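Chain residues, written in single-letter form:
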Amino acid sequence: MHIEFDNTFLRELPGDPEAGARVRDVQAAWSRVDPTPVAAPRLLAWSPEAAALLGLGRDDIQAPGTVQVLAGNALLPGMQPWAGNYGGHQFGNWAGQLGDGRAISLGEALGAEGGRWELQLKGAGRTPYSRFADGRAVLRSSVREFLCSEAMHHLGIPTTRALSLVGTGEDVLRDMFYDGHPRAEPGAVVCRMAPSFLRFGSWQLPASRGDTGLLRALTDHVQRHHFPELAERGEAGDAEWFAQVCERTAWTVAGWMRVGFVHGVMNTDNMSILGLTLDYGPYGWIEDYDPDWTPNTTDAQGRRYRFGTQPQVAYWNLARLAQALAPLFTDAAPLEAGLQRFGAAWAAAERDMVARKLGLERCRDADLGLYADLRGLLRAGQVDMTLFFRALGRPGAAATDTTAFADAFYDADARAQVESPLRDWLARYAARLADDALDAGQRSERMRRANPRYVLRNWLAQEAIDRAEQGDPSGIAELLEVVRRPYEDQPGRAHYAQRRPEWARHRAGCSMLSCSS
Ligand code: AMP
Ligand code: MG
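Bear in mind the structure is a predicted one, so any value in this text is a computation, not a measurement.

S.K.: Explanation requested: unusual backbone geometry in the structure shown.
M.R.: Glycine aside, residues mostly have negative phi, and peptide bonds are mostly found in the trans state. Notably, Phe91 is not glycine yet its phi reads approximately 50°, a positive angle. Structurally, Phe91 can be placed in the loop between strand E4 (87–90) and strand E5 (93–97). Looking at Phe91, the relative accessible area reads 26%, which means it is partly exposed. Backbone geometry at Arg131 places phi at a positive 45°, although glycine is not the residue there. For Arg131, a relative accessible area of 44% gives the class partly exposed.

S.K.: It is not clear to me how the environment of Ser196 should be interpreted in this structure. Could you clarify?
M.R.: Mapped onto the secondary structure, Ser196 falls in the loop between strand E10 (183–194) and helix H6 (200–208). The class of Ser196 is buried, set by a relative accessible area of 6%. Along the chain, Ser196 and Leu155 lie 41 residues apart, while their C-alpha atoms are 21 Å from each other. Not counting residues up to four positions away in its chain, the partners in contact with Ser196 are Glu118, His226, Leu274 and Leu276. Of note is the side chain of Ser196, whose polar atom sits 3.0 Å from the backbone nitrogen of Leu198.

S.K.: Where do I start with the UniProt feature "binding site: ATP" (unreviewed entry) in the protein chain in this structure?
M.R.: Feature annotation in UniProt places "binding site: ATP" (unreviewed entry) on Gly99, Gly101, Arg102, Lys122, Asp134, Gly135, Arg192, Arg199 and Asp279, given in this structure's numbering. Checking the annotated residues one by one, the ones that line the largest cavity turn out to be Arg199. Relative to the helices and strands, Lys122 resides in strand E7 (residues 116–122). The contact partners of Lys122, leaving out residues within four places of it in the chain, are Arg102, Ala103, Ala137, Glu145, Ala188, Val189, Val190, Arg192, Asp279 and Tyr280. Of note is the side chain of Lys122, whose polar atom sits 2.7 Å from the side chain of Glu145. Residue placement: Arg192 occurs in strand E10. A relative accessible area of 2% places Arg192 in the buried class. Those residues in contact with Arg192 that lie beyond four places of it in its chain are Glu118, Leu119, Gln120, Lys122, Glu145, Arg161, Ala162, Phe197, Arg199, Leu278 and Asp279.

S.K.: Got a minute to help me understand the pattern of salt bridges in this structure?
M.R.: It is possible for side chains of opposite charge to pair when their charged atoms get near one another. One pass over the structure, following the stated rule, counts 46 salt bridges. Here Asp365 makes a salt bridge to Arg351, at a shortest N to O gap of 2.5 Å. Linking Asp365 in helix H11 (residues 365–380) with Arg351 in helix H10 (residues 333–358), this pair joins segments that are 14 residues apart in sequence. A salt bridge links Asp373 to Arg428, with the nearest nitrogen and oxygen atoms 3.0 Å apart. With Asp373 in helix H11 and Arg428 in helix H13 (residues 412–434), this pair connects stretches of sequence that are 55 residues apart. Overall, the relative accessible area of 41% leaves Arg428 in the partly exposed class. Counted as one network, the salt bridges with shared partners bring together Asp100, Lys122, Glu145, Arg192, Arg199 and Asp279.

S.K.: So what exactly am I meant to see when it comes to the pairing of E10 here?
M.R.: Each regular strand carries side chains that alternate between the two faces of the sheet. Counting buried positions along E10 yields nine of 12 residues, so the element is predominantly enclosed. Note that E7 and E10 share five bridges and pair antiparallel. Among the inter-strand pairings, Glu118 is bridged to a residue of E10, identified as Ala194. Here two bridges tie strand E8 (residues 137–138) to E10, and the two strands are oriented antiparallel to one another. Note that in E10 the partner of Ala137 across the bridge is Ala188. Where strand E9 (residues 161–174) and E10 come together, 10 bridges link them in antiparallel fashion. Across the sheet, residue Arg174 finds its bridge partner in E10, namely Arg183.

S.K.: Which parts of the structure should I look at to understand the site of ligand 1?
M.R.: Residues in close proximity to ligand 1 total 16 residues, the closest being Gly99, Gly101, Arg131, Gly135 and Asn270. A distance of 3.2 Å separates a nitrogen atom of ligand 1 from a polar atom in the side chain of Asp134. Here a nitrogen atom of ligand 1 and a side-chain polar atom of Arg174 are 3.2 Å apart. Protein coverage of the free-state accessible area of ligand 1, which is 490 Å², stands at 83%. Grouping the constituent residues of the shell around ligand 1 by class yields two nonpolar, six polar and eight charged.

S.K.: Could you clarify how one ought to interpret the coordination of the magnesium ion (ligand 2) in this entry?
M.R.: In an ideal octahedron of six donors the angles at the metal are 90 or 180 degrees, and in an ideal tetrahedron of four donors they are 109.5 degrees. Of the protein atoms, only Asn270 (OD1) and Asp279 (OD) coordinate the magnesium ion (ligand 2), at distances of 1.9 to 2.2 Å. Comparing Asn270 with Asp279, the two get one shared label, buried.

S.K.: What is the right way to read the packing of H6 against helix H7 (residues 212–226) from this model?
M.R.: The packing of two helices is summarised by the inter-axis angle and the distance between the axes. Put simply, H6 and H7 touch, their axes get as near as 9 Å, and they point 160° apart. In terms of orientation, H6 and H7 fall into the roughly antiparallel class. Residues Ser202, Trp203, Pro206 and Ala207 of H6 touch H7, and the partners they reach there are Leu214, Leu215, Leu218, Thr219 and Val222.

S.K.: Explanation requested: empty space enclosed by the protein in the structure shown.
M.R.: Over the atoms, a rolling probe the size of a water molecule traces out where space has been left empty. Tallied over the entire structure, the rule returns six cavities of 30 Å³ or more. Roughly 110 Å³ of internal volume is contained in the largest cavity. Secondary-structure elements contributing two or more residues to the lining of the largest cavity are strand E3 (82–84) and E7. The residue makeup of the lining of the largest cavity, split by class, is six nonpolar, six polar and three charged. The volume enclosed by the second largest cavity comes to roughly 90 Å³. Considering the residues around the second largest cavity, the lining is formed by 13 residues, among which Thr249, Trp256, Met271, Ser272 and Leu276 are closest to the centre. No other element matches the four residues that helix H8 (residues 234–259) contributes to the lining of the second largest cavity.

Conventions used here
- Residues numbered from 1 in each chain as written.
- Chains lettered and ligands numbered in written order.
- Predicted model: local features only at pLDDT ≥ 70, side-chain atom pairs only at ≥ 80, totals over all residues.
- Heavy atoms only, no water.
- Helix = DSSP H or I, 4+ residues; strand = E, 2+ residues; numbered from the N terminus.
- Buried < 20%, exposed > 50% of the residue type's maximum accessible area, 1.4 Å probe, protein only.
- Contact = heavy atoms within 4.5 Å.
- Polar contact = N/O pair within 3.5 Å; in protein donor to acceptor, adjacent residues only side chain to side chain.
- UniProt positions renumbered as here; feature names shortened; annotations may be inferred.
- 1 Å grid on protein atoms, 1.4 Å probe; cavity = no way out; pocket = protein on both sides within 12 Å on 5 of 7 lines; lining within 4 Å.
- Salt bridge = Lys/Arg side-chain N within 4 Å of Asp/Glu carboxyl O.
- Pairing = 2+ DSSP bridges.
- Near = heavy atom within 4 Å.
- Areas by Shrake-Rupley, 256 points an atom, 1.4 Å probe, with all protein chains shown as cover.
- Nonpolar A, V, L, I, M, F, W, Y, C, P; charged D, E, K, R; others polar.
- Donors = N, O, S within 2.8 Å, 3.2 Å for Na, K, Ca; no water.
- Axes fitted to C-alpha atoms, helices over the stretch in contact; angles between N-to-C directions.
- Parallel < 35°, antiparallel > 145°, perpendicular 65-115°, else oblique.
- Points joined across faces, edges and corners; volume = space filled by probe spheres on them.

What follows is the structure in C-alpha cells.
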C-alpha cells in the first residue's frame, strides 16, 4: 500500500514540545503521540468508496501488512502520528481542554483525485488528552461509527468518512450505562478520513486562554486549505469564512432533519469547522416520529440534543464559535451578520427539504404549514418517518385512505386516532399537487431521491453488532452494501426496510445508548 503524505497541520501550527501520552495541559494545537499496538488485529470491514479516495483497491486493503497499519501497529513512510487539542461546551457547560483522547491522526494523505484526507485511528490508545480513560473503543461503537459514516455519505449528507474497521483482539472494560456494572467487550479501531477534523472547540480552547496567536494561526490554516478564495483577505475574508461555516452547518443539519438522523451529542467539540457530520457516538434514527426523541441516555434528563431542536442547538454552538472568534474582529457586527446567514441558510434549506420530501417544484409559504401539520400527525399517529415518506412518493399513494401506509404504523390505537385527520391531510396534499408544475413521474422521482428507503436503523446496526460480537463480521458488510444505495429499491432486501421489530423497542443499543463507548 502506497500513500503520499503532506502533513500541513503539523508544519503550520504550533505543537506541544513534549511527545508521548503523559496526561497534561497543552498550550498548542497538537501533541506527537504514537498509536499503542494491539494484540491480534483483524480486518472486519472496509469501504471501497473511501479506499478509492486514496487510490486504494481491494488488493491494497487486503494485503497482510495493511491491517497492521489500520490497527496502529505499524506506520507507513510519511506518517507522523499526533493527537489534536481542543476544548468544548459539553451539554451547555464549558469543559476546558478535551482534545483527542482516543483518536490519533496518522497524516494527511494526498487524495487520488486531488485534495487531502487526514487519516485518523479512533480507539488507537492513550494520548495526552485521555485524562482518566483508556484511549480505546469498543466493537459495538466502532461498527456504528464505521457504518453510519458511509451511510451518511451515500445519503448525500456531508460527513467524515470511514475507511476500515479492525478488531483488536483485545478486550476493553466498559460500564455501558454508568450503573456500576462494567463488562469486558471486544475492542476495535476505525480508520476515519476527513479533509480536516478541526472543530468549533479547536478555536474555543485558545480563545479561552487568550491565545490570539493560535486563533489566528488556526484560522489562516483552515482558510488556506479549505476556503482558499477567502485566505489572506483580512477581516472581510474572516467574516465571510465564519458566515460560510454557519451556512454549511445549516445545510448539514437540514440533511439530518430530512432523513431522521439524531446526532445525540452536539457538543461544540463534535461540531466540524467544515460542516461535516462528526463523531458518531450515541446517534440514532427516528422511527416512530417523535421530535423529542434522543437516543442518548446520558442526555435523557434535559434532552438537549433531541431530534427536533438540532437546528437551534447548531445555532447555539455557532454563537459559541462566534464568541471564540471575537478577538480576531474589531467589533461584533461581522460575527452577528454571519449568525444571520445561518438563519437565512436554514430557511432556504428547510424549504428545499419540504419541496423535495413532498415532491413539489418549489416550496410556497403555505407548504411550510402543510408540512408542519403532517409532522403533527406523524407524531400523534406514531408513524415510521422513513416508511411513511417513501410510501407517500409512490404513484397513487396520495389517494384518500391510509392503506398505502399500513406498514408504517406501530400502534393500532394511535393509527385509529389519526386515520381521519390523515385522510383530510392527504386530500389537502392531493389538491396542492394538482396545482404544481411537476407531473406525476417527475414528482415520484424527486421524492424517491429525497426520501430514502434504507437508513441505518438502530436495530439493524445492533443485529450486525450481535453477530460480530459472536465472531461473524459478515453482517457489517451486508449492511454496508444496503446503505450504499439508500434511495434504490433493492430486491430481496425487504428486511432492511422494515419498521422496528418489537424486540428492539427497549433493547440497549437500539433505543438507548450512552456516551460510554
Ligand atoms: P466524545 O463524547 O466521544 O466526543 O468524547 C469527549 C471527550 O472524551 C474527547 O476528548 C474524547 O477524546 C474523550 N474520550 C472519550 N472516550 C475516551 C476514551 N475511551 N479514552 C480516552 N478519551 C476518551
Ligand atoms: Mg468527540
